[in-house]
Amino acid sequence: MSHFAVRVHPGELHFNAAHFITFNGSCENIHGHNFHLQLEARGENTRDAFVIDFVLLNKLAARICAELHDGVLIPTESDEITLTEREDDMLEIRSYDKRFILSRASCILLPITNTTAEMLAYHISNRLIDALHAHQGLGNLQTLEVAVEEADQQWGIYQREIIHD
C-alpha cells in the first residue's frame, strides 16, 4: 500500500520540563530535560495534493509543547504514585521511598501512567488528534507518529492509526 507522508522536525517543537519516572520498583529523583518533538503524518493526498496541512500540524504541536514547558510533569494514572493536594496550594507526591512536595502551580498533571518519553509521545498524540479534529484538520491522515527526544538521540515513539468518522 502506498502512502504520502509529512514530517515535522524539532525546530520550534521543544519544551523544557522536569519529571521523574518509576520503574523496577523504584522512583527516580526529579530531574529535567530539553525535550524535542518530531511528527510524521501518513495518509492519502487530499484533492489539494497534501496529506495534512503541516503548517496547522506544526502550530498545534507547538501549542502543546508550550503547555508542557517549564513545569514538573506528573502522571495522574499511575498505580505507583500517590498524589495529595494540600490546603497550602502544594502537591504532595509519594512513590516508593520518595516524597516530593511541590507548588501546585509548578506541576503539570498528565493523564498517563508514567512520564517516560514513550508516554509523553502518547499524550501529545492524543492532544494533537483532538486539536486537529477541532480545527477540521485531519485531512486524509491515516497514521500519526509522535517521537519525543528525552536525551541526545534517545527517542520515545508512539504511532497511532486515525479513525475518521
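Residues numbered from 1 in each chain as written. Predicted model: local features only at pLDDT ≥ 70, side-chain atom pairs only at ≥ 80, totals over all residues. Heavy atoms only, no water.

Across eight bridges, the pairing between strand β5 (residues 31–43) and strand β11 (residues 141–151) is antiparallel. What sits directly across from A41, in β11, is L144. The pairing of β11 with strand β12 (residues 154–161) spans eight bridges and is classified as antiparallel. Within β12, the residue paired with A147 across the bridge is I157. Taking the residues between adjacent antiparallel strands as the criterion, β11 and β12 are bridged by two residues, where Q153 takes a positive phi near 65°. (Pairing = 2+ DSSP bridges. Helix = DSSP H or I, 4+ residues; strand = E, 2+ residues; numbered from the N terminus.)

In this section: the nonpolar core. Judged by nonpolar contacts, the single largest core of 37 residues is most densely connected at L37, L39, L73, L128, L132, L141 and V148. Counting only elements with at least two residues in this core, the list comes to β1 (4–8), β2 (14–19), β5, α1 (54–68), β10 (107–110), α2 (117–134) and β11. Excluding residues that lie within four positions of it along the chain, V148 makes contacts with F35, H36, L37, A117, L120, A121, I124, Q154, W155 and G156. (Core = buried A, V, L, I, M, F, W, Y, C linked by side-chain atoms within 4.5 Å. Buried < 20%, exposed > 50% of the residue type's maximum accessible area, 1.4 Å probe, protein only. Contact = heavy atoms within 4.5 Å.)

Another point: the state of the cysteines. Under the criterion given, the structure shown has zero disulfides. Unpaired in this structure, C107 has its nearest cysteine sulfur neighbour in C27, at a distance of 13 Å. Accessibility expressed as a relative area gives 6% for C107, which makes it buried. (Disulfide = S-S within 2.5 Å.)

On to the packing of α1 against α2, then. Viewed as axis vectors pointing N to C, α1 and α2 meet at an angle of 130°, and their least axial separation amounts to 10 Å. With respect to their mutual orientation, α1 and α2 come out oblique. For the pair α1 and α2, the sense of crossing is right-handed. Residues L56, L57, L60, A61, I64, E67 and L68 of α1 form the contact with α2, whose participating residues are I124, R127, L128, A131 and L132. Of the residues in the contact of α1 with α2, the class split is 10 nonpolar, no polar and two charged. (Axes fitted to C-alpha atoms, helices over the stretch in contact; angles between N-to-C directions. Parallel < 35°, antiparallel > 145°, perpendicular 65-115°, else oblique. Left-handed = near helix turned anticlockwise from the far one by under 90°. Nonpolar A, V, L, I, M, F, W, Y, C, P; charged D, E, K, R; others polar.)

Another aspect to go through is the packing of aromatic side chains. Here the structure, examined in full by the defined rule, presents three aromatic pairs. Considering the side-chain rings of F20 and F100, the 5.3 Å spacing of their centres and the 40° angle between planes classify their relative orientation as tilted. Taken as a pair, F20 in the loop between β2 and β3 (22–23) and F100 in strand β9 (residues 98–103) lie far apart in primary sequence, 80 residues in all. Relative accessible area serves as the criterion here: at 13%, F100 is assigned to the buried category. Centroid distance Y122 to Y158: 5.0 Å. Interplanar angle 85°. Geometry classified as edge-to-face. Of the two residues, Y122 is situated in helix α2 and Y158 in strand β12; the sequence distance between them amounts to 36 residues. Its relative accessible area of 26% is what places Y158 among the partly exposed residues. (Phe/Tyr/Trp six-rings, centres within 6.5 Å; stacked < 30°, edge-to-face > 60°.)

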